[in-house]
Each structure stands twice: as structure tokens, then as C-alpha cells.
Amino acid sequence: MKQGDIIGYTNEHIVNVNLTDVDNSRAQVNYQDDELVLIENLRDIPDFTACKISFNVALVCLKGKLQFEIGENSVTLNSGQAVFSHSHVLITNIMASPDIKCKLVALSDRVLKSILQSQITIWNKAMYPNHFYVLNLSNEHLSLFGALLPAIGRADTMLKQEILVSLLRAGYLLVCEMFSTQISKESNYERASRMNTLFHLFLHNISQRQKKKVKVSEYADELCITPKYLTTICRKISGKSAMEWISEYVTEDIIYYLRNTDLSAKEIAHCLGFENVSYFGKFVKTRLGVSPQKYRHSISQ
């Protein structure tokens, strides 16, 4: 990409972004309440490089290009593509082309579950463990999403909420159908429904926690199963143990804390649930190859 094609934003701290933080000066907001925001035209990207969003996102790119990182994954969104992510993910290094134009749907976990109902398992299967999913949209899909928000904006006030829920349910069910088709192409084996549900609930529970570095038994208790069975599920579905998944999510959070905050090693260790800073240091050295101080220094350089 040529220099000048992308505009980057800088900030040294992680910003927590809630549904009530939408700035009308940056976007044409069609609908907004405490649990749902619909944006017809996102004209500008907020000026931070690291944010933790508290809501589920569907972002459709109509023009331009958008780049960012979710976890350790780099995402490039071009015109005609849509990215979906679950709530409580960390997004960093946000960069957008000057001509960026997007549509955005942001909704709480409660609203998403009420819309998808029994199909929430498909959503979870697509979202975890990568935290996001990118779809290439056909002209028909773009037309559908293009009509969704204006239709909501024109809806009668008395019936607006019912119309809104119906339209969103139709749109998200279509997305889940696309997820299922794509996932089935990528998968070489069938997974038992019960095991699959428990596995994705386990990953969901890890992502929701701040103190992630806890025993496998604590996560197993949340699912009302034994630690041994949880590890069996993880190995059968993913080839990794439950502890390996916990360590991956913890490592991801450590990287972001070291990159984007001024918190000390002791403070980060406390945030993530480590017993002491010495154990935290050994964990970082094992996972990243260097001490927390050296890793932070290498980033600053």
C-alpha cells in the first residue's frame, strides 16, 4: 500500500468503548439506545489505536479500506466485505483510508441473544476462538444491508422497536446461514453438538473475564462439568488442552497491556489473576521469550 493511502491514529492507552459513546459528529446515527446502535454512514474513525469494545459489532465496508488488529490477528476490510466480532475484544492499530464509508450495527450480548435465539450457537462457533469473522458480501447481500438501516429510519415511531427487531433478526439469521456454509467448507469433520456448545461457551467465558489466569476447575464449574471433561472436549475439538486455551487468551491480554498501557508488571499480574509478579514474569518469559520489561522496551524501540 502506498504511503498516504491510510490514516493512522495514535494513543498510548486502551480506551473502553461503550454503546453510549457514539459521537454524532462522526456518524449518521439511525438509532441509539443503551443496548443498540445503528449507523447508516460512519464517516470517521475515532482517534485511538487501542480500544476495548463492550458490544458485538457488524461492520459493512461500502467504500475505502480499513485495517486493524483483533488479538494477534490482522484484519483488512475492503469494499464489499463485512467483519463481525463478539463483545469485549481488544482492537488496536486502527487505520482507515481517507474515503472510508461503513455501515455499523453494535448491540449488547442480551439483544444479540434475543435476536438469534437458538441460532446463537452458530454465532459463537464463528466468533470463537478468533474473535471475529470476515465475510465477502454479494451484491444481493449488500443490497439487503443497504436497505436495512434506511428502513429502520423510516419506521413509524409506535412500531419502530418491533420493526427493528424483525429486520435485525432477518439480517443476522442470513449472516449465520453464511457462517454455517463457510464453516462447513473449512471443516473436515463433524463435532458433537453438546461438546461444540460447551467448547464455545468455555472460550466465551475466558474472553469475558479480566482475571483469566485461574484454574481449569473454575471454568469447568461455570459449565457444570468436571475439569477432566472440559480438557477432553477442548482436545477433541481443537487439539489443545483447556489450559493451553487459557494461556493463549492470557498471553493476548498481556501483549496489549504491555503495548498500550503504563501499568507495571505487578499491576498487570494482579489484573489478570496471577498469584504473584514472579510467576507472571516466568509466564511471560515462557510465552514471549523475554521478560515483561524487555518486551515493553522492544516495543518502544
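A brief structural summary.

Reading the values: the criteria
- Residues numbered from 1 in each chain as written.
- Predicted model: local features only at pLDDT ≥ 70, side-chain atom pairs only at ≥ 80, totals over all residues.
- Heavy atoms only, no water.
- Salt bridge = Lys/Arg side-chain N within 4 Å of Asp/Glu carboxyl O.
- Buried < 20%, exposed > 50% of the residue type's maximum accessible area, 1.4 Å probe, protein only.
- Phe/Tyr/Trp six-rings, centres within 6.5 Å; stacked < 30°, edge-to-face > 60°.
- Helix = DSSP H or I, 4+ residues; strand = E, 2+ residues; numbered from the N terminus.
- Axes fitted to C-alpha atoms, helices over the stretch in contact; angles between N-to-C directions.
- Parallel < 35°, antiparallel > 145°, perpendicular 65-115°, else oblique.
- Contact = heavy atoms within 4.5 Å.
- Nonpolar A, V, L, I, M, F, W, Y, C, P; charged D, E, K, R; others polar.
- Arc of directions from axis to C-beta.
- Disulfide = S-S within 2.5 Å.

1. Looking at the pattern of salt bridges
Part 1 of the argument: The final tally for this structure, using the stated rule, is six salt bridges.
Part 2 of the argument: Of the charged contacts in the structure, one is a salt bridge between E248 and K240, with a shortest N-O distance of 2.6 Å.
Part 3 of the argument: What makes E248 partly exposed here is its relative accessible area of 30%.
Part 4 of the argument: The partly exposed category is assigned to K240, whose relative accessible area is 26%.
Part 5 of the argument: Members of the salt-bridge network, linked through shared partners, are R209, E218 and E222.

2. Quick look at the packing of aromatic side chains
Part 1 of the argument: The final tally for this structure, using the stated rule, is ten aromatic pairs.
Part 2 of the argument: Between W123 and Y172, the ring centres sit 5.8 Å apart and the planes meet at 50°, which makes this aromatic pair tilted. Separated by 49 residues along the polypeptide, W123 in helix α2 (residues 120-127) and Y172 in helix α4 (residues 160-186) bring together distant segments of the chain. The exposure classification of W123 matches that of Y172, with both residues buried.
Part 3 of the argument: With centroids separated by 5.5 Å and ring planes inclined at 70°, the aromatic side chains of F274 and Y279 adopt a geometry described as edge-to-face.
Part 4 of the argument: Under the relative-accessibility criterion, F274 is labelled buried at 7%.

3. Some words on the packing of helix α7 (residues 227-238) against helix α8 (residues 242-260)
Helix packing for two helices is described by the angle between their axes and how far apart those axes are.
Part 1 of the argument: At a minimum axis distance of 8 Å, the contact between α7 and α8 shows a crossing angle of 75°. Overall, the two elements α7 and α8 adopt an arrangement that is roughly perpendicular. Of the residues in α8, those touching α7 at L230, T231, C234, R235 and S238 are A242, E244 and W245.
Part 2 of the argument: Of the residues contributing to the contact of α7 with α8, the split by class is four nonpolar, two polar and two charged.

4. A word on unusual backbone geometry
Part 1 of the argument: Its identity as a non-glycine residue notwithstanding, N93 has a phi of 50°, on the positive side.
Part 2 of the argument: You will see that C224, though not glycine, has its phi angle at about 60°, which is positive.

5. Description of the packing of α8 against helix α10 (residues 277-288)
Part 1 of the argument: With their axes 11 Å apart at the nearest point, α8 and α10 run at an angle of 100° to one another. Looking at the two axes, α8 sits roughly perpendicular to α10. Residues S247, E248, V250, T251, I254, I255 and L258 of α8 pack against F280, F283, V284, R287 and L288 of α10.
Part 2 of the argument: Tallied by class, residues from the contact of α8 with α10 come to eight nonpolar, two polar and two charged.

6. Comments concerning the side chain of S241
Part 1 of the argument: Locating S241 in the fold gives a position in the loop between α7 and α8.
Part 2 of the argument: Residues in contact with S241, not counting those within four places in the same chain, are T231, C234 and R235.

7. Quick notes on helix α9 (residues 265-272)
Part 1 of the argument: Taken as a whole, α9 has its buried residues at A265, I268, A269, C271 and L272. Around the axis of α9, the buried residues are gathered within 160° of arc, so they sit on the same side. Summarising the geometry of α9, the exposed residues directed more than 90 degrees from the buried face are K266 and H270.
Part 2 of the argument: After α9 finishes, the residue G273 shows a positive phi value of roughly 95°.

8. Focus: the state of the cysteines
Part 1 of the argument: Across all of its chains, the model carries zero disulfides by this definition.
Part 2 of the argument: Summary of cysteine pairing: C61 is not part of a disulfide, and the nearest cysteine sulfur, belonging to C102, is at 4.5 Å.
Part 3 of the argument: Residue C61 is classed as buried on the basis of its relative accessible area, which comes to 0%.

9. Side note on α2
Part 1 of the argument: Among all positions of α2, only I120, W123, N124, A126 and M127 are buried. Across the axial projection of α2, the buried residues extend over an arc of 165°, all falling on one side.

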